[in-house]
Amino acid sequence: MATKLYVYTGTGNSLWIARQLALELKEATIQFIPNLSRDLKMEVDRIGIIFPVHIWGLPGHVVRFIHHLQAKPETYFFALAVNASQPAATLMQLKKLMSTQGQSLALGCSFAMPSNYTPWGGPGPVETQQRLYREAQEKIKAVARAILRDGREKVDRGPLWQNIVFSWIYRMSFRSVPKMDKKFWLDDKCNDCGICSKVCPAGNIEMIHEKPTWLHRCEQCLACLQWCPQEAIQYGKKTVKYPRYHHPEVLLKDMIDQAKANKG
Ligand SMILES: Cc1cc2nc3c(=O)[nH]c(=O)nc-3n(C[C@H](O)[C@H](O)[C@H](O)COP(=O)(O)O)c2cc1C
Ligand code: SF4
Ligand code: SF4
């Protein structure tokens, strides 16, 4: 049975996981999650949705995708929530959202990977990053076996303490995400290359007088900050002192392809 993997990513962790899973599943194709403004009919039998956890919940980009997704009732859906060890109730949120659309999530798995939320620190020591990649690789194999069985395995609920402590922050902040780009600023290393504008999946960065300008429809994926070759983009006060991150096997070209796919 053919599988379509829909992916969204800021720094490549989710794309890398999708690629590893596609190798295990064999008949799988990867597509970036499009920025949908109208319904999309899908005829595939098996669909995977792979995305990063943002602010203890689903990124708005994924929420919009689910709202516009029209699949056959018998479609086998699974989801991988890629995170930095705090998935909270993201997969349960997805399960509920899908059920309001008449769809059922058969399998939902959380994957801990290095953090790309630089305002709270770097991705951690290289050894820890390597360990996370190895553990993810093992988990991908197990998940692939479950998918190939079409197993109705359960959806990860997330640690209860995270659901209690953090899920309300998601609900409170969701509407203000587009304007969170007000905290981005440029230091004097910017050389006007325009890469930040090219990787932005939301078309939120325009080069005005050769400098990036944020347009307040941000998705907070942090691709601009992480992929700037000069490390010239800062967010708030602390990112100046933290290293940047992207998955070592994901390339700038992949990010530009994602942004192009979003433009449709
Ligand atoms: C705005 C933002 C919010 C985040 N919130 C969470 C979170 O609530 N819990 C968590 O575990 N990781 C969080 N992260 C970290 C990412 O989910 C994690 O690093 C993920 O592996 C990134 O995947 P990507 O490279 O595919 O974008 C956040 C990252 C960003 C940019
Ligand atoms: S990617 Fe960095 S250096 Fe290039 S224009 Fe953007 S901020 Fe400036
Ligand atoms: S402006 Fe930066 S953080 Fe916001 S959506 Fe674009 S790349 Fe992501």
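Residue positions are given per chain, counting from 1 as you read along its sequence in written order. In the order they appear in the text, chains get letters beginning with A and ligands get numbers beginning with 1. Only residues with pLDDT of at least 70 are given local features in this predicted model, and only at 80 or more are side-chain atom pairs given and counted; all residues enter the totals for whole chains, interfaces and linings. The side-chain values count all of the structure's non-hydrogen atoms but skip hydrogen atoms and water molecules.

**Student:** Before we go on, may I ask you to explain the sheet that holds strand E2 (residues 28–32) in this structure?
**Tutor:** Adjacent strands of a sheet form backbone hydrogen bonds with each other and so pair up, either parallel or antiparallel. Only when DSSP finds a minimum of two bridges between them are two strands counted as paired. The helix and strand labels rest on DSSP assignments: H or I over at least four residues marks a helix, E over at least two residues marks a strand, and numbering proceeds from the N terminus. Pairing within the open sheet is parallel, and its five strands lie in the order E2-E1-E4-E6-E7. The open sheet has two free edges, formed respectively by E2 and strand E7 (105–112), since each of these has just one partner strand. Taking the axes of each pair of neighbouring strands and ignoring which way they run, one obtains an average angle of 20° across the sheet. Across five bridges, strand E1 (residues 3–7) lies against strand E4 (residues 46–52) in parallel orientation. Directly across from Leu 5, in E4, lies its bridge partner Gly 48. We call two residues contacting when some pair of their heavy atoms lies within 4.5 Å. A fitted line through C-alpha atoms serves as each axis, taken over the contacting stretch for helices, and the angle formed by two N-to-C directions is quoted from 0 to 180°. Sheet strands in contact with helix H1 (residues 13–25) are E1, E2, E4, strand E6 (76–83) and E7, and its direction is about 170° off that of E1. Contacting E4, E6 and E7, helix H3 (residues 90–100) runs over the sheet at an angle of about 155° to E7.

**Student:** Help me out: how do you make sense of the site of ligand 1 in this one?
**Tutor:** What makes a residue near a molecule or strand is one non-hydrogen atom of that residue sitting within 4 Å of it. Looking at ligand 1, there are 24 residues lining it, with Thr 9, Thr 11, Ser 14, Trp 56 and Ala 84 nearest. Thr 9 places a polar side-chain atom, nitrogen or oxygen, 2.7 Å from an oxygen atom of ligand 1. Pairing of N or O atoms within 3.5 Å defines a polar contact, subject to two protein rules: one partner must be a possible hydrogen donor and the other a possible acceptor, and residues neighboring in sequence count only if both atoms are side-chain atoms. At a separation of 2.7 Å, an oxygen atom of ligand 1 approaches a polar backbone atom of Ala 84. Within the complex, 96% of the 650 Å² of free accessible area of ligand 1 lies under protein. Elements that contribute at least two residues to the shell around ligand 1 include exactly H1 and E6. Under the scheme applied here, ten amino acids are nonpolar (Ala, Val, Leu, Ile, Met, Phe, Trp, Tyr, Cys and Pro), four are charged (Asp, Glu, Lys and Arg), and all others, including Gly, are polar. Here the residues of the shell around ligand 1 are counted per class, giving 11 nonpolar, 13 polar and no charged. Where accessible areas are quoted, they stem from the Shrake-Rupley method and a 1.4 Å probe; at the residue level, only the protein chains shown are allowed to cover.

**Student:** Please explain helix H4 (residues 126–148) as it appears in this structure.
**Tutor:** Each α-helix turn comprises 3.6 residues. Residues three or four places apart therefore point the same way. Given a rise of 1.5 Å per residue, 23 residues ought to cover 33 Å, and the 33 Å separating the end C-alpha atoms of H4 matches this to within 8%. Regarding H4, the residues found buried are Gln 129, Leu 132, Tyr 133, Ala 136, Ile 140, Val 143, Ala 144, Ala 146 and Ile 147. Those residues of H4 that are buried lie in contact with H1, E4, E6 and E7. Immediately downstream of H4, the backbone of Asp 150 shows phi near 55°, a positive value. Expected span, for any helix, means 1.5 Å times one less than how many residues it has. Using a 1.4 Å probe on the protein chains alone, a residue whose accessible area is under 20% of its type maximum counts as buried, one over 50% counts as exposed, and one in between counts as partly exposed.

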